Amino acid sequence: VSVCRTTTPSAFMRIISPREFVDVVLVKQYEDGTMLSAATNVEHPLCPPQPNFVRGFNYPCGCFCIPLPGEPDRTQLLSFFQTDLGGYLPQAVVDSFFPASIAGFYSNLTKAVKALKA
């Protein structure tokens, strides 16, 4: 279990301010090789809100990486998350920004899983 501060850069020519999230994170590997990463928002005295960042909020979220039997190079991914980006963004802006953010998350997740297997 650890506390993790995550930041995102500004987007859309700085129309969207940089965000920060502070979460308590649990990573666990099960006997069958399934990996779980679960997190939720937390306040921590070593992670106070930083100037020039908008504090976002992650509700309980996470993902399971489940090995596919007989296919060692493939993994089933089950993820769930709900994020409040904070600030005063119109919903149309959030809807246009979030898909790219999710794609970046899955790209980073793929790299992390490959690094763990190495």
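See the structure printed just above.
Residues numbered from 1 in each chain as written. Predicted model: local features only at pLDDT ≥ 70, side-chain atom pairs only at ≥ 80, totals over all residues. Heavy atoms only, no water.

**Q** Describe the overall build of the protein, and please don't skip the residues or the numbers.
**A** The number of helices and strands found in the protein is one helix and eight strands. Secondary structure elements of the protein, listed N to C terminal, follow the sequence β-β-β-β-β-β-β-β-α. Taken along its principal axes, the extent of the C-alpha atoms in the protein is 50 × 35 × 25 Å. Across the 118 residues in the protein, those meeting the buried criterion constitute 22%. As displayed, the protein offers around 8200 Å² of accessible surface, 61% of which is attributable to carbon and sulfur atoms. (Helix = DSSP H or I, 4+ residues; strand = E, 2+ residues; numbered from the N terminus. Buried < 20%, exposed > 50% of the residue type's maximum accessible area, 1.4 Å probe, protein only. Areas by Shrake-Rupley, 256 points an atom, 1.4 Å probe, with all protein chains shown as cover.)

**Q** So what's going on with the pairing of strand E7 (residues 71-80)? Residues and values would help.
**A** Bridge analysis of strand E6 (residues 61-68) against E7 gives seven bridges, and the strand direction is antiparallel. Opposite cysteine 63, over in E7, you have serine 79 as the bridge partner. From the end of E6 to the start of E7, which pair antiparallel, there are two residues, and glycine 70 there has a positive phi angle of about 80 degrees. (Pairing = 2+ DSSP bridges.)

**Q** Outline the pairing of E6, listing residues and values.
**A** Direction of pairing for strand E3 (residues 35-41) relative to E6: antiparallel, over a ladder of five bridges. Considered in E6, the bridge of alanine 38 is made with glycine 62.

**Q** Break down the nonpolar core for me, with residues and values.
**A** Core analysis: the largest hydrophobic core is formed by five residues, namely Met35, Cys63, Cys65, Leu109 and Val113. Elements with a minimum of two residues in this core: E6 and helix H1 (91-117). Beyond its immediate stretch of four places on either side in the chain, leucine 109 contacts Cys63 and Leu77. (Core = buried A, V, L, I, M, F, W, Y, C linked by side-chain atoms within 4.5 Å. Contact = heavy atoms within 4.5 Å.)

**Q** Let's hear about the side chain of asparagine 58: which residues, and what values?
**A** In this fold, asparagine 58 is placed in strand E5 (residues 57-58). Taking relative accessible area as the criterion, asparagine 58 reaches 11% and is therefore assigned buried. Of note is the side chain of asparagine 58, whose polar atom sits 2.8 Å from the side chain of threonine 83. The contacts of asparagine 58, once residues within four sequence positions are left out, are Phe21, Asp23, Thr40, Asn41, Gln82 and Thr83. (Polar contact = N/O pair within 3.5 Å; in protein donor to acceptor, adjacent residues only side chain to side chain.)

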